[in-house]
Amino acid sequence: MASASRMGIDEGSGDETKGGMWELDQKLDQPMDEEAGRLRNMYREKKFSALLLLRLAFQSLGVVYGDLGTSPLYVFYNTFPHGIDDTEDVVGALSLIIYSLTLIPLLKYVFIVCRANDNGQGGTFALYSLLCRHAKIKTIPNQHRTDEELTTYSRSTFHEHSFAAKTKRWLEAYPFRKNALLIIVIVGTCTVIGDGILTPAISVLSASGGIKVDHPKMSNDVVVVVAVIILVGLFSLQHYGTDRVGWLFAPIVLLWFLLVGGIGIFNIWKYDSSVLRAFSPVCIYRYFRRRKKEAWTSLGGIMLSITGTEALFADLAHFPVSAIQLAFTVIVFPCLLLTYTGQAAYLMQNKEHVVDAFYRSIPGIIYWPVFVIATLAAIVASQATISATFSIIKQALALGCFPRVKVVHTSKKFIGQIYIPDINWILMILCIAVTAGFRNQSQIGNAYGTAVVIVMLVTTLLMTLIMLLVWRCHWVLVLVFTVLSLVVECTYFSAVLFKVDQGGWVPLVIAAAFLVIMYVWHYGTVKRYEFEMHSKVSMAWILGLGPSLGLVRVPGIGLVYTELASGVPHIFSHFITNLPAIHSVVVFVCVKYLPVYTVPEDERFLVKRVGPKTFHMFRCVARYGYKDLHKKDEEFERKLFDNLFLFVRLENMMEGCSDSDEYSLYGQQTQNSMDYLLQNKSNPTTGNNTCSSMESIVPVKSPTQGSNTVTSSSGRESSQAEVDELEFLNRCRDAGVVHILGNTVVRARRDSRFYKKIAIDYIYAFLRRICRENSVIFNVPHESLLNVGQIFYV
């Protein structure tokens, strides 16, 4: 017994005195490191067979590349909105398009940025979650060292004097820097939401514009009405989810790429093959020397040739990086080059047709089939961007940066496929407003280009930190990547600034509105957490209440929800001060979101006891990743109690082994410990590092648990104390479970500045009123809900 206890202390001191139960699990299950390694590999990219890789690459066309593929509908018109004066300008613009596609989507995104995914997840918040694991930059200070033991919590260690370590210390030094980084991430997220509004507007309006080519006298109002009808239908179908109609997407987009590529080859052969000289970068130099400022401002139109690249990264979750790389290099990139080159060849002889160059360049015999496929491709492109918007809002929700909204998971197979009704209808209204308000592609194109370039700049800044902290690249490589990316993107950004008054203000206004919503909500969330931290009840006060806590203990179990992962929350003292009675068993439940993609089910719950055994008080921390689905109340309750009962059994096994107060249950490790003991109970040598009361365990079936429940035995019977407590817990559970939630009202202090009063008393209060209640998020039935109101001032 003494040696076992001494070994526990020695091992714990090597890693910041790990929790006693964690040490026990490590001793009982020696192969745990190998097991954890295998589990970690489940979340890394797998090796795929050639056939499966081809199938995944084919499927990725419909989800990832729809937006990028529909850009040829409107690029040349937005580049030359006032017409073409010199056909040489067409060659220069084509050269810019070729090198833009090569440098940004191909080299930067497909082969570099896509590698910076978070267990397969892309987007600005995925990059931010990676950084949060490698540096303490999360603005809600609820990190705990046990979170770092998760199999999905992959992180790197730095040499103390390395450039990465210096960068990490620089970021962590001041709260201002953490807040500045969060604001940058939110800005990137808000502009992606702007993309979700502008992509359907410009894609569907451009596709619908093909009607006028065959009917020139048709009013532009008819085109706008057709586009609005298509948009209403598109957003109305979102609740079915992409899984039900996804099988249609890939064939449509593949057919689209093959058609536009084929039409491009035909136009090069028929009109002017001399445009192929645009592959020489010298044409770019001549273009700028000839047009000067006009060439600079035309970059806003050229920018549209790479729109959809940011959605490519945000939609990364559905496919492995290798499949996306294969699809882009084999199908997307060559077909886009061919279609732009073909349009340029057509414009060399028909420069007056620049307004609708794409449709004019289609051979008459296949005009209407191409029009239909173009409209379908525009819908697919819109779908991809809308889905990406839903995904990043779900990530923002988990990280406390967006008001609580209803999230519907539309697929049982893919948890990444979600639908958010409130956001869907907001996007639809704004999208229709943009389409009907501007009524032409040029102004929407200016707005679209502004949104895209801001997202790309944010991605570059985050990638610089990723390369330093996560990849640990040499600072010279980081500098080369950052400088090259910023030179290209800042050049485009300076060009779109010239068009702010021509529609470019739209994404700025949309992003500013969402930025205010997200930052104010996050600020209120942080202040509410800080209030709970500073006002939590001391354990000395709890112990001073005596064995019965100085209260009437009513039969049943009270689940007290709190944001604290340690300490007794203020809501508890507030509750018992006003109503001096509490349930026989109290469980403080903290639902906590971590900066990881997912938390494996076996590692979701951490359990520990609060105070002496006679208090019957426990803490349970339920941990989720930003893509995890929060289960229904009954499922959540069942898992919570399963882990609670298992904790009681293991705690009795641990009697005398450790007095640590740390979290003491990893579900996976605990279950493995059970299996290990069951397999080796006949071998007397396996118990060398454990207490004498742990010679074997036998299954026990309780009225409320399945056959997986286990209890300890030393060859005779379980300890009477353990049996009594388990029976007591079962009786309390049968008596009823009550969910106690805090209804906290936040107010600004009287001496606060006016902008803080506006943010807290009006904006945050309004968002709290219209967002979903916690009881709805947790699926708590009304008959077992108890709200405790409290006010605090910030």
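In this text, all values refer to a predicted model and were calculated from it rather than measured experimentally. (Residues numbered from 1 in each chain as written. Predicted model: local features only at pLDDT ≥ 70, side-chain atom pairs only at ≥ 80, totals over all residues. Heavy atoms only, no water.)

Caption draft 1: Highlighting the packing of aromatic side chains. If you walk through the whole model with that rule in mind, you get 20 aromatic pairs. Note on phenylalanine 125 and tyrosine 128: the rings are 6.3 Å apart at their centroids and 80 degrees apart in plane angle, and the pair reads as edge-to-face. With phenylalanine 125 and tyrosine 128 both in helix α8 (residues 124-134), this residue pair falls three residues apart, about one helical turn. The pair phenylalanine 125 / tyrosine 128 is uniform in exposure class, with both members buried. Relative to tyrosine 755, the ring of phenylalanine 754 has its centre 5.7 Å away and its plane inclined at 75 degrees; by these criteria the two rings are edge-to-face. Considered together, phenylalanine 754 and tyrosine 755 belong to a single accessibility category, that of exposed residues. Here a set of aromatic residues connected by ring pairs shows up, and it is made of Trp256, Phe358, Tyr359, Tyr367, Trp368 and Phe371. (Phe/Tyr/Trp six-rings, centres within 6.5 Å; stacked < 30°, edge-to-face > 60°. Helix = DSSP H or I, 4+ residues; strand = E, 2+ residues; numbered from the N terminus. Buried < 20%, exposed > 50% of the residue type's maximum accessible area, 1.4 Å probe, protein only.)

Caption draft 2: Inspection of the packing of helix α10 (residues 175-208) against helix α21 (residues 421-438) at higher detail. Taken N-terminus to C-terminus, the directions of α10 and α21 make an angle of 50 degrees; their axes are 9 Å apart at the nearest point. Relative to α21, the element α10 is oriented oblique. Where α10 crosses over α21, the handedness of that crossing is right-handed. Along the contact surface, α10 presents Ile193, Gly196, Ile197, Leu198, Pro200, Ala201 and Leu205, while α21 presents Leu427, Leu430, Cys431, Val434 and Thr435. Grouping the amino acids of the contact of α10 with α21 by side-chain chemistry returns 10 nonpolar, two polar and no charged. (Axes fitted to C-alpha atoms, helices over the stretch in contact; angles between N-to-C directions. Parallel < 35°, antiparallel > 145°, perpendicular 65-115°, else oblique. Left-handed = near helix turned anticlockwise from the far one by under 90°. Contact = heavy atoms within 4.5 Å. Nonpolar A, V, L, I, M, F, W, Y, C, P; charged D, E, K, R; others polar.)

Caption draft 3: Expanded view of the side chain of lysine 394. Relative to the helices and strands, lysine 394 is located in helix α20 (residues 367-398). Its relative accessible area of 9% is what places lysine 394 among the buried residues. Here lysine 394 is in contact with Val407, His409, Ile418, Ile420, Tyr626, Lys627 and Asp628, once residues within four sequence places are set aside.

Caption draft 4: Local environment of the environment of histidine 616. For histidine 616, the position within the fold is in the loop between β5 (605-609) and β6 (617-624). For histidine 616, a relative accessible area of 18% corresponds to the buried category. Sequence separation between histidine 616 and histidine 583 is 33 residues; the distance between their C-alpha atoms is 9.5 Å. The contact partners of histidine 616, leaving out residues within four places of it in the chain, are Arg553, Ser584, Val585, Val586, Glu725 and Phe728.

Caption draft 5: Representation of unusual backbone geometry within the structure. Positive phi is not limited to glycine here, since lysine 292 has a value of about 50 degrees. Checked against the element boundaries, lysine 292 lands in the loop between α14 (282-291) and α15 (293-297).

Caption draft 6: Main features of the pairing of strand β9 (residues 737-747). Relative to β9, strand β3 (residues 552-561) runs parallel, the two sharing four bridges. Across the sheet, leucine 559 pairs through a bridge with histidine 739, a residue of β9. Here β9 pairs with strand β10 (residues 785-793) via nine bridges, running parallel. Paired with histidine 739 across the bridge in β10 is leucine 785. (Pairing = 2+ DSSP bridges.)

From the geometry alone we can't say anything about function, so treat these as descriptive.
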